[in-house]
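Next come the chains, spelled out residue by residue.
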Amino acid sequence: MNINALNLRQAIMYKMQGSSPASVEETINDAIQSRMEKTLPGLGVLFEVLWQNSGSDLQQQMVTTISEHIPANTDSPV
């Protein structure tokens, strides 16, 4: 992992520390609704926290949900 990724992860964790469930939900919804790519790393860090603190059954459910909802026919970005 490079230093920039570590700093970003630390900054996101610092910003989110002590957040209430409502605040976390608002952050997630705002990031998704903005559709700005700069919010993706933050969502990734939050997903990492979720993943690391979920049991294998919930992890499998998340994997299944994600795989079932990724479109089959997406155009290449290049």
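Notes on the structure follow.

Basis of the calculations
Throughout, residues of each chain are indexed from 1 in the direction in which the sequence is written. Thresholds applied to this predicted model are a pLDDT of at least 70 for local features of residues and 80 or more for the giving and counting of side-chain atom pairs; totals over whole chains, interfaces and linings are not thresholded and use all residues. Just so you know, side-chain values use all the structure's heavy atoms and leave hydrogens and water out. Here, a salt bridge means any side-chain nitrogen of Lys or Arg that lies within 4 Å of a carboxyl oxygen of Asp or Glu. Helix and strand assignments follow DSSP, with helices taken as H or I runs no shorter than four residues and strands as E runs no shorter than two, numbered in order from the N terminus. Here's how the labels work: a residue is buried when its accessible area is under 20% of the maximum for its type, exposed when over 50%, partly exposed in between, all with a 1.4 Å probe on protein chains only. Exposure above 30% relative accessible area and no salt bridge define the residues that can form patches, which grow by joining like charges within 9 Å and nonpolar side chains of Val, Leu, Ile, Met, Phe, Trp and Tyr within 5 Å. Only the protein chains shown count as covering a residue, and every accessible area follows the Shrake-Rupley method with a 1.4 Å probe.

What follows concerns the pattern of salt bridges. Following the criterion strictly, the structure yields 1 salt bridge and no others. We note a salt bridge from arginine 9 to glutamate 48, for which the minimum N-O separation is 2.8 Å. Of this pair, arginine 9 sits in helix 1 (residues 3-16) while glutamate 48 sits in helix 3 (residues 40-52), placing them 39 residues apart in sequence. Among the residues examined, arginine 9 registers a relative accessible area of 25% and is labelled partly exposed.

Residues Phe47, Leu50, Leu58, Ile66 and Ile70 make up a contiguous nonpolar surface patch of about 430 Å² in total accessible area. Where the nonpolar patch is concerned, the elements lending two or more residues are helix 3 and helix 4 (56-69). In this structure, isoleucine 66 sits in helix 4. According to the relative accessible area criterion, isoleucine 66 is partly exposed, its value standing at 43%.

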